[in-house]
Amino acid sequence: MAKRDHARIDPRGRKVKILATIGPASRSPEMLRRLFRAGADAFRLNMSHGSHDDHAEAIRAIRALEREFARPIAILADLQGPKLRVGTFADGEAVIRHGSHFTLDRDERPGDASRVCLPHPELFGILERGQRLLINDGKIRLIVREADDDHIRCSAEVGGVISDRKGVNVPDAEVPIPALTEKDRRDLAFAMEHNADWIALSFVQRPEDIAEARKLMGREGALCAKIEKPQALARLSEIIELADGIMVARGDLGVELEPFEVPPLQKRIVNASRVAGKPVIVATQMLESMIESPMPTRAEVSDVANAVYDGADAVMLSAESAAGDWPEESVAMMDRIAGQVERDEGYKERVRFLETIPDETTSDALAHACMTIADTVPISAITVFTSSGATARRVARERPATPMLVLTPSMRTARRLGLLWGAHAVATKDIGSFEEMIGKGRRMALRHGFGTAGSKMIALAGVPFGTPGATNLLHIVTLSGDELKKHPG
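In short, a report on the structure.

**Describing the pairing of strand β8 (residues 140-147)**
At step 1: Where strand β7 (residues 132-135) and β8 come together, four bridges link them in antiparallel fashion. Paired with Ile 135 across the strands is Ile 140, a residue of β8.
At step 2: In this antiparallel pair of consecutive strands, β7 and β8, the connection spans four residues, and Asn 136 shows a positive phi of 60 degrees.
At step 3: In this sheet, strand β9 (residues 151-158) lies alongside β8 in antiparallel orientation, the contact comprising six bridges. Opposite Arg 141, over in β9, you have Val 158 as the bridge partner.
At step 4: Here β8 hands over to β9 after three residues, the two strands then running antiparallel side by side.

If you want it as structure tokens, here you go:
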């Protein structure tokens, strides 16, 4: 049964990947299976919610899906990051009036309509007059009038109800706190112990934040930097260089910036990541209305479509799949939107509008040649042999119209490629010779539906085999169609 199911759903038939967040609405093995069948290529564990036991159960269910469908599935563990919050109030909440004065201080007594404790000493002394403090996702906007080591005195540009432990955003200053809290360190250790494929680092402000996480991870897992602080934009190229992938985390980014600033920044981040050959995920509020409705708004459909047209590697569902009433329908809708965009006659031109100039290396030259050949000669598949995934990333950067079949001896690499544009990864035994490479490439192309008798296939690899970063061989072969009969294993 598993092999028949596998044959029906693979390959997906689209290039962009779908990342679905797991939560109370989707944690059961049966629902995870339905989300996978509906189109989810990877799953996100939101470490801000749920226990380690909950996440471990979800990981076991995902790995069971891998075995059932014989397909690698990426798991991304998203760390909470340093959340800034106000203290508590005597009555649980208070009302800050428009234009009134309000003070954040270090006094631990419960607050009222004039003051509250801010239990983050690192913020005192760094804020300057005129800078903003945004509370409860920006619903309350305070302007700093005076700040010292014990008080931050503000005026309320926009007042409202403030309640216990609401979040605080500081958009106008670089906050001198590490990107990893003690909770994050525990969660990171858990994720590494359970072989999570990607770690998403929240509230990255500077390259040093990535270096700290990388040190704790060692050589395990891939690191995704979440861009949700304006300060990160000033050093975006350095952050992209150090990270393995990037997430456009539009939630907090949209709080700390004006809403109309986010769309051009999204395009800038996507383009910069693509030029660097790093997977980029567009996340937050993509189909928000589907938390409660079985159908999205037209604006949401356009939002998802634009991310696909921009060439994002993956689009993400948050509460839609984690806590909404329609998790399966949300994944299926995103799958249909992406499929419709990629069938558009203008999609290839749109997704290649960004010029990605190859580096002066043999590997990049051959990856670029794959796209040129596939545009000139009918090619059914670009078959990439890789141990680290680097060759696949180079090919994906060119956004070829031809499907990409990635063969790797590393299950770890195959799983990580679940967030790479256009990659259909298969973990298989390593190869030791040119003849073995061609034979395996032919069989895998037929077995996974990437060609039939007479189809031409590009094989891209490095010699000597098994040497990372040594891509130096491009070969075009024609499938006879009987390769599986000759070698059924």
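What follows picks up the thread again.
**Section: the sheet that holds strand β12 (residues 198-201)**
At step 1: What the eight strands build is a closed barrel, ordered β1-β2-β3-β12-β13-β14-β15-β16; its pairing is parallel. Strand after strand, the sheet turns through a mean of 25 degrees between neighbouring axes, direction not considered.
At step 2: Strand direction decides the pairing type here: strand β15 (residues 280-283) and strand β16 (residues 314-317), joined by two bridges, are parallel. Across the sheet, Val 282 pairs through a bridge with Val 315, a residue of β16.
At step 3: In this fold helix α5 (residues 207-217) packs onto β12 and β13 (222-227), with an angle of close to 155 degrees to the strand it touches most, β13.

**Side note on the sheet that holds strand β19 (residues 423-427)**
At step 1: Read across the sheet, five strands follow the order β19-β18-β17-β20-β21 without closing on themselves; strand pairing throughout is mixed. Strand pairing shows two members of the sheet lacking a second neighbour, β19 and β21 (471-478), which therefore form its edges. Strand after strand, the sheet turns through a mean of 20 degrees between neighbouring axes, direction not considered.
At step 2: Sheet analysis places strand β18 (residues 404-408) next to β19, joined by five bridges and oriented parallel. In the strand pairing of β19, Val 406 is matched with Ala 425.

**A closer look at the environment of Arg 12**
At step 1: Along the chain, Arg 12 falls in the loop between α1 (2-9) and β1 (17-22).
At step 2: In sequence terms Arg 12 and Pro 358 are 346 residues apart; their C-alpha atoms lie 28 Å from each other.
At step 3: Those residues in contact with Arg 12 that lie beyond four places of it in its chain are Phe 36, Arg 37, Gly 39, Ala 40, Asp 41 and Arg 71.
At step 4: In terms of polar contacts, Arg 12 uses its side chain to reach the backbone carbonyl oxygen of Phe 36, at 2.8 Å.
At step 5: Here the side chain of Arg 12 touches Asp 41 through a polar contact of 3.1 Å, side chain to side chain.

**A short note on the state of the cysteines**
At step 1: One pass over the full model with this rule turns up zero disulfides.
At step 2: Here Cys 154 stays unpaired: no disulfide links it, and the sulfur of Cys 117, its closest cysteine neighbor, is 14 Å away.

**Quick word on the side chain of Arg 12**
At step 1: The class of Arg 12 is buried, set by a relative accessible area of 18%.
At step 2: A distance of 2.8 Å separates a polar atom in the side chain of Arg 12 from the backbone oxygen of Ala 40.

**What to know about the environment of Lys 183**
At step 1: With respect to the element layout, Lys 183 can be found in helix α4 (residues 182-193).
At step 2: Expressed as a C-alpha distance, the spacing of Lys 183 and Met 47, which sit 136 residues apart in the sequence, is 9.3 Å.
At step 3: If we ignore the near neighbours within four places in the chain, the residues touching Lys 183 are Met 47 and Gln 80.

**Section: the packing of helix α14 (residues 362-376) against helix α15 (residues 390-397)**
At step 1: Between α14 and α15, whose axes approach to 8 Å, the crossing angle comes to 50 degrees. Classed by the angle they form, the pair α14 and α15 counts as oblique. Here the hand of the crossing between α14 and α15 comes out right-handed. Contacts between α14 and α15 involve Ser 363, Asp 364 and Ala 367 on the former and, on the latter, Arg 394, Val 395 and Arg 397.
At step 2: When grouped by side-chain class, the residues that make up the contact of α14 with α15 number two nonpolar, one polar and three charged.

Criteria and cut-off values
- Per chain, residues are indexed from 1 in the order of the written sequence.
- Thresholds applied to this predicted model are a pLDDT of at least 70 for local features of residues and 80 or more for the giving and counting of side-chain atom pairs; totals over whole chains, interfaces and linings are not thresholded and use all residues.
- Excluded from the side-chain calculation are hydrogens and water; included are all heavy atoms of the structure.
- Should DSSP find at least two bridges between two strands, the strands are regarded as paired.
- Each helix corresponds to a stretch of at least 4 residues labelled H or I by DSSP, and each strand to a stretch of at least 2 residues labelled E; elements are numbered beginning at the N terminus.
- Working convention: axes come from line fits to C-alpha atoms, limited for helices to the stretch in contact. Angles between N-to-C directions cover 0 to 180 degrees.
- Should any heavy atoms of two residues lie within 4.5 Å, those residues are considered in contact.
- Within 3.5 Å is the distance limit for a polar contact, defined as a pair of N or O atoms, with the added protein rule that one can donate a hydrogen and the other accept it, and that residues adjacent in sequence qualify only through two side-chain atoms.
- What counts as a disulfide here is a pair of cysteine sulfur atoms lying within 2.5 Å.
- Accessibility here uses a 1.4 Å probe with only protein chains present; expressed as a share of the type maximum, an area under 20% marks a residue as buried, one over 50% as exposed, and anything in between as partly exposed.
- In this scheme, roughly parallel covers angles under 35 degrees and roughly antiparallel covers those over 145, while 65 to 115 is roughly perpendicular and the rest are oblique.
- Whether a crossing is left-handed or right-handed is set by the direction in which the near helix is turned from the far one by less than a right angle, anticlockwise for left-handed and clockwise for right-handed.
- By the convention adopted, Pro, Cys, Tyr, Trp, Phe, Met, Ile, Leu, Val and Ala count as nonpolar, Lys, Arg, Asp and Glu as charged, and the other residues, Gly among them, as polar.

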